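Single-letter residue listing:
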Amino acid sequence: MSSSDIFIGETIGTAVLILLGGGVCAAVTLKRSKAQNAGWLAITFGWGFAVLTGAYLAGGVSGAHLNPAVTLGLAIQGGTAWGDVPLYLGSQLLGAMIGAVLVYAVYYGQFHAHLTDPEIIQAQPADEGMVDQTSAPKAGPVLGIFSTGPEIRNGVQNVVTEVIATLVLVLAILTQGLNDEGNGLGTLGALITALVVVGIGLSLGGPTGYAINPVRDLGPRIVHSVLPLPNKGGSDWGYAWVPIVGPLIGGALAGGLYNLAFA
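For clarity, every value in this text was computed on a predicted model and none was experimentally measured.

### Some remarks on the overall build of the protein
Phase 1: Regarding its fold elements, the protein presents 11 helices and 0 strands.
Phase 2: Ordered by position from the N terminus, the helices and strands of the protein form the series α-α-α-α-α-α-α-α-α-α-α.
Phase 3: Its C-alpha radius of gyration of 18 Å places the protein within 12% of the 18 Å reference for a compact globule of 263 residues.
Phase 4: Taken along the three principal axes of its C-alpha coordinates, the protein extends 60 × 35 × 30 Å.
Phase 5: Evaluated residue by residue, the protein yields a buried proportion of 47% over its 263 residues.

### A few points about empty space enclosed by the protein
Phase 1: Evaluated as defined, the whole model comprises 1 cavity of 30 Å³ or more.
Phase 2: Each pocket or cavity is described by its volume, and for the largest cavity that value is around 40 Å³.
Phase 3: Going through the elements one at a time, helix H1 (3–29), helix H4 (85–106), helix H7 (143–146) and helix H10 (214–226) are the ones with two or more residues in the lining of the largest cavity.
Phase 4: Considered class by class, the residues forming the lining of the largest cavity number 7 nonpolar, 1 polar and 1 charged.

### Observations regarding the packing of aromatic side chains
Phase 1: According to the stated counting rule, one finds 6 aromatic pairs in the structure shown.
Phase 2: Taking the centre distance of 6.4 Å and the plane angle of 45° together, the rings of Phe 45 and Phe 49 count as tilted. In this pair, Phe 45 and Phe 49 are both assigned in helix H2 (residues 40–62), 4 residues apart and thus about one turn of the helix distant.
Phase 3: Given a relative accessible area of 35%, Phe 45 falls into the partly exposed group.
Phase 4: Taken together through their ring pairs, the aromatic side chains of Tyr 104, Tyr 108, Phe 111 and Phe 146 make up a single cluster.

### Description of the side chain of Asn 67
Phase 1: On the secondary structure map, Asn 67 appears in the loop between H2 and helix H3 (68–77).
Phase 2: Classification of Asn 67 by relative accessible area gives buried; the value is 4%.
Phase 3: Only 2.7 Å separates the side chain of Asn 67 from the backbone oxygen of Ile 212, close enough to count as a polar contact.
Phase 4: Not counting chain neighbours up to four residues away, the residues in contact with Asn 67 comprise Gln 92, Leu 169, Ile 212, Asn 213 and Pro 214.

### Some details on a nonpolar patch on the surface
Phase 1: Among the surface-exposed residues, Phe 7, Ile 8, Ile 12, Leu 57, Val 61, Leu 94, Ile 98 and Leu 102 lie close enough to one another that they form a single nonpolar patch of about 630 Å² accessible area.
Phase 2: Looking at the nonpolar patch, the elements with two or more residues in it are H1, H2 and H4.
Phase 3: Along the chain, Ile 8 turns up in helix H1.

### Topic: the nonpolar core
Phase 1: Core analysis: the biggest nonpolar cluster contains 37 residues, and Trp 47, Phe 111, Val 142, Ile 145, Phe 146 and Leu 229 have the highest contact counts within it.
Phase 2: Elements represented by at least two residues in this core include exactly H1, H2, H4, helix H5 (108–115), H7, helix H8 (155–174), helix H9 (188–204) and H10.
Phase 3: With 7 residues, the top contributor of residues to this core is H1.
Phase 4: Not counting residues within four places of it along the chain, the set of residues in contact with Trp 47 comprises Leu 17, Ile 18, Gly 21, Gly 22, Val 24, Cys 25, Val 197, Tyr 210 and Arg 216.

### Focus: the pattern of salt bridges
Working definition: two side chains of opposite charge can pair if their charged atoms are close together.
Phase 1: Applying the stated criterion across every chain, the model contains 3 salt bridges.
Phase 2: For Lys 31, the salt bridge is made with Glu 119, and the minimal N-O distance between the two is 3.4 Å. Of this pair, Lys 31 sits in the loop between H1 and H2 while Glu 119 sits in helix H6 (residues 118–123), and the two are 88 residues apart along the sequence.
Phase 3: Overall, Glu 119 belongs to the exposed group, its relative accessible area being 54%.

What counts and how
- Residues numbered from 1 in each chain as written.
- Predicted model: local features only at pLDDT ≥ 70, side-chain atom pairs only at ≥ 80, totals over all residues.
- Heavy atoms only, no water.
- Helix = DSSP H or I, 4+ residues; strand = E, 2+ residues; numbered from the N terminus.
- Rg over C-alpha atoms; globule rule 2.2 N^0.38 Å.
- Buried < 20%, exposed > 50% of the residue type's maximum accessible area, 1.4 Å probe, protein only.
- 1 Å grid on protein atoms, 1.4 Å probe; cavity = no way out; pocket = protein on both sides within 12 Å on 5 of 7 lines; lining within 4 Å.
- Points joined across faces, edges and corners; volume = space filled by probe spheres on them.
- Nonpolar A, V, L, I, M, F, W, Y, C, P; charged D, E, K, R; others polar.
- Phe/Tyr/Trp six-rings, centres within 6.5 Å; stacked < 30°, edge-to-face > 60°.
- Polar contact = N/O pair within 3.5 Å; in protein donor to acceptor, adjacent residues only side chain to side chain.
- Contact = heavy atoms within 4.5 Å.
- Patch = residues over 30% accessible without salt bridge, like charges linked within 9 Å, V, L, I, M, F, W, Y side chains within 5 Å.
- Areas by Shrake-Rupley, 256 points an atom, 1.4 Å probe, with all protein chains shown as cover.
- Salt bridge = Lys/Arg side-chain N within 4 Å of Asp/Glu carboxyl O.
- Core = buried A, V, L, I, M, F, W, Y, C linked by side-chain atoms within 4.5 Å.

Keep in mind that these numbers describe shape and distance, not what the molecule does.
This is the structure:
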């Protein structure tokens with residue numbers, strides 16, 4: 001595939017992924033949203049459908065990586081040329097940022113109603129520091145719409161959680177089609193991947209919010225930091241390395257494990 005195919009497919013596919021995934025987080029979180037307090041099941045299935053839609057849109061154009069961890073795993077496995085990796089990653093980050101801006105546009109009124117509500121303002125801490133070493137930081141009240149955060153802040157545990165969850169995701173993607181003479185599953189693969197993402201969210205998402213995708217976290221976190229939102233609070237940059245490093249390690253391990261066990 002050409003460089004333009006990679007750029008267009010990954011940018012649009014990742015933008016749709018974040019639009020729908022961030023959208024369900026906004027719907028569940030924000031006041032004056034019809035889906036407020038719909039809960040974790042809504043979020044996990046919403047992200048699964050987001051993956052399904054983004055992957056289906058981009059699959060025939062760029063291969064629908066939509067995730068640097070997937071790109072890294074495929075490069076190690078041999079399915080993606082290393083020379084294409086930077087273009088994949090840059091396109092994915094751009095798409096993630098576009099998707100986050102679109103979430104803001106869709107929920108513009110709800111963001112402002114939520115962040116100017118006296119109850120939300122009074123609940124914000126005097127600073128953005130830690131209350132203690134075992135609780136999540138008192139970051140902004142809408143940061144969870146854009147990025148992930150741990151329930152218990154422990155760098156080692158948080159990274160391990162992201163490594164294991166991403167290993168499951170990327171290995172599931174790499175092994176698709178092994179029963180079909182290695183030809184892959186076509187569009188059916190997008191559905192299987194979406195169901196895997198739902199399963200990961202339900203089973204492994206509790207500790208960290210299952211980023212399992214560096215740009216899914218980094219792109220929207222950048223957007224959160226620059227959006228003109230009143231009383232938005234901090235972007236918790238002290239945690240931002242975890243959902244980058246953990247998924248990349250998990251993707252690399254999945255590529256290596258595939259070569260050892262399945263190639």
